[in-house]
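Examining the three-dimensional arrangement
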Amino acid sequence: MDSKIKKNYILNSVNQVLLLIVPLITTPYLSRILEPDGIGIYSFKNSITAYFVLFANLGTSYYGQRAISYCQDDINRRSIAFWETTIIKAFSSLFSLIAYYVMAYQSDSSLLYYIMSLNLISCLFDISWLYQGIEDFKSVATRNLLFKLLNVACIFLFVKEKSDLNVYSLISYGGMAINSLSLWLGIHKHIRFISLKKLHPLKKLPAVLSLFAPTIAIEIYTVLDKTMIGWITKDSFQSGYYEQALKIIKTALAVVTSMGAVMMSRIGHYHASKEEDKLKLSLLESYKFVWFLSIPICFGLIAVSNNFVPWFLGTGYEDVSSLIKILSPLIICIGISNVTGIQYLVPVGRQNEYTISVITGSVVNLILNSILISKFQSYGAAIASVCAELTVTVVQLIIVRKNISIKSILLQSVKYVVAGLIMLISISIIENYMRTSIRSTIFLVAVGVLIYSVILFFEKDDMIKEFLCNKKH
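About the thresholds
Residues numbered from 1 in each chain as written. Predicted model: local features only at pLDDT ≥ 70, side-chain atom pairs only at ≥ 80, totals over all residues. Heavy atoms only, no water. Helix = DSSP H or I, 4+ residues; strand = E, 2+ residues; numbered from the N terminus. Buried < 20%, exposed > 50% of the residue type's maximum accessible area, 1.4 Å probe, protein only. Contact = heavy atoms within 4.5 Å. Areas by Shrake-Rupley, 256 points an atom, 1.4 Å probe, with all protein chains shown as cover. Phe/Tyr/Trp six-rings, centres within 6.5 Å; stacked < 30°, edge-to-face > 60°. Disulfide = S-S within 2.5 Å. Polar contact = N/O pair within 3.5 Å; in protein donor to acceptor, adjacent residues only side chain to side chain. Axes fitted to C-alpha atoms, helices over the stretch in contact; angles between N-to-C directions. Parallel < 35°, antiparallel > 145°, perpendicular 65-115°, else oblique. Left-handed = near helix turned anticlockwise from the far one by under 90°. Nonpolar A, V, L, I, M, F, W, Y, C, P; charged D, E, K, R; others polar. Expected span 1.5 Å × (residues − 1).

When you go through the protein residue by residue, the secondary structure sums to 21 helices and 0 strands. A burial count over the protein gives 57% of its 473 residues as buried. At a minimum sequence separation of 6, the contacts of the protein that also span at least 24 residues come to 85%. Split by element, the accessible area of the protein, about 20800 Å² in all, is 68% carbon and sulfur.

Spelled out as structure tokens, the structure:
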């Protein structure tokens, strides 16, 4: 794997994990302070806000990163692409912000909604896609590290009781907004000011909207489940359980999908340069990388959730352990679909086919949510989410079957599945004889990593070899 790709993967992993690591670090504290119903209220209101953020983004993040990656070496073309994308995003964000304030004014929980509007302001000024497009992941990761550390400190200092839900929201979303604004401090190194006469944002709008359609579909099966739990069950506890389980899954998933943004820019560059052999080789490496990481993480979460949840979240969250077991396959499904969709279909301009896959998944999710949530509450939403993501993955693999061998992709997984199953069985047996504690969880994770690594070492796996070589150097 190219050294620059490795570096950018590590930096983007840091960035993506940091986006979720603050909630994960603060979760044991907040779960006890805000309690399940407080977490549930936050989750439901946040899911409503997410729809406005969706329209504010409008598909500009994917479009902007792709457009920048096509002209990495040409500052004039890059600057035109940047300003055209920024103008489109400014109008969509302002329109969404106005509509959001109208909704907040009419709501009983208007103060919390007003605070959450900082999420939309953050979206308005977010230009992380510029840095991703030029493969400068260091700038984004460095800023995120600083602001997330400040975020953690503020939460522990100022969130002291259940009534501090608004304070928690202000800290979280205020930090995001300031972080987005800080990204503008370094653009003079990469972007020039361009005369308005040379900019034609309206001509780029159809391309942006073509990437907005799949974004809507994705939002349906990543946010609608939270909204529907609140609507159907009328139980903030169920929303709280689901929110906590999904938060843990997403943190683990960030490690797997971080390669997506890195490879999207690189594959976009290969596609623009007509280097198809390098493009396909990079894709196969990405699939292998996802199998290598996603399988042990998925099986590991299933094995340790019973030991992990009680000490991590505290009493009253027993259902979260079962939800984690159900949701764990998302790590594999989303990992594979991230390679097929985000790393391949979008960069090469096949977003219409990408849209078909995610719309299919959203329809499956909507139907299953309507049926299962009323019967199984948060468990039903978890089952629906896994089925939806599996559908997306299968549809995408069928779409690219003429370009990439599905057989080759699936065969890559065999050794990792075998090693993962042996690890899962071993940890499950050991876990039965251990008390619930942080030490026990750390021990189980360490044993799992050791078993998985040793098996792959004796199978002479390329990923393990590369890791060991890097360690030696």
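It is worth spelling out the packing of aromatic side chains at this point. Inspection of every chain in the model, using the stated rule, returns 20 aromatic pairs. Taken together, a centroid distance of 6.5 Å and an interplanar angle of 25 degrees make the contact between Tyr42 and Tyr173 stacked. With a gap of 131 residues between them, Tyr42 in helix 2 (residues 35-57) and Tyr173 in helix 9 (residues 165-182) connect regions that are remote in the sequence. The class of Tyr173 is buried, set by a relative accessible area of 4%. Ring plane angle 70 degrees and centroid distance 6.3 Å describe the contact between Tyr100 and Tyr101, whose orientation is recorded as edge-to-face. On the basis of relative accessibility, which here comes to 0%, the residue Tyr100 falls in the buried class. Each member of the aromatic cluster is reached from another via a ring pair, and the members are Phe52, Tyr100, Tyr101, Tyr113 and Tyr114.

As a further point, take the environment of Gly349. Following the sequence through the fold, Gly349 ends up in the loop between helix 15 (330-345) and helix 16 (351-376). Taking the C-alpha atoms as reference, Gly349 lies 10.0 Å from Ser210; in sequence the two are 139 residues apart. With near-sequence residues (within four places) excluded, Gly349 lies in contact with Arg66 and Tyr70.

For the structure shown, the criterion picks out 0 disulfides. Note on Cys387: no disulfide assigned, nearest cysteine sulfur contributed by Cys333 at a separation of 9.3 Å. Residue Cys387 is classed as partly exposed on the basis of its relative accessible area, which comes to 32%.

By secondary structure assignment, the location of Thr60 is in helix 3 (residues 60-70). Taking the relative accessible area as the measure of exposure, Thr60 reaches 0% and is therefore buried. Looking at Thr60, its side chain comes within polar contact range of the main-chain oxygen of Asn57, at 2.6 Å. With residues up to four places along the chain from it excluded, the contact list for Thr60 reads Gln65, Thr85, Ile88, Lys89 and Val208.

Next up on the list: the packing of helix 2 against helix 11 (residues 224-233). Closest axis-to-axis distance for the helix 2/helix 11 pair is 9 Å, and the angle between their directions is 130 degrees. Considering the angle they form, helix 2 stands oblique to helix 11. When the axes of helix 2 and helix 11 are compared, the crossing they make is left-handed. Where helix 2 abuts helix 11, its residues Ser43, Phe44, Ser47, Ile48 and Tyr51 lie against Leu224, Lys226, Thr227, Gly230 and Trp231. A per-class count over the contact of helix 2 with helix 11 returns 5 nonpolar, 4 polar and 1 charged.

Residues apart from glycine generally show negative phi values, whereas peptide bonds are mostly found in trans. Even without being a glycine, Gln377 presents a positive backbone phi close to 55 degrees. Here Gln377 lies in the loop between helix 16 and helix 17 (378-399). On the accessibility criterion, Gln377 (32% relative accessible area) is partly exposed. In this structure, Lys460 takes a positive phi of about 55 degrees despite not being glycine. Structurally, Lys460 can be placed in the loop between helix 20 (438-458) and helix 21 (462-472). The exposed category is assigned to Lys460, whose relative accessible area is 58%.

End to end, helix 20 covers 31 Å across 21 residues, agreeing with the expected 30 Å (1.5 Å per residue, within 8%). Positive backbone phi, at 55 degrees, marks Lys460, one or two positions downstream of helix 20.

Turning next to the environment of Ser92. Mapped onto the elements of the fold, Ser92 is located in helix 4 (residues 75-105). Residue classification places Ser92 among the buried residues on the basis of a relative accessible area of 9%. Residues Ser92 and Phe55 lie 37 residues apart in sequence; the distance between their C-alpha atoms is 6.7 Å. With residues near it in sequence (within four places) discarded, Ser92 still touches Phe55, Ala56 and Leu58.

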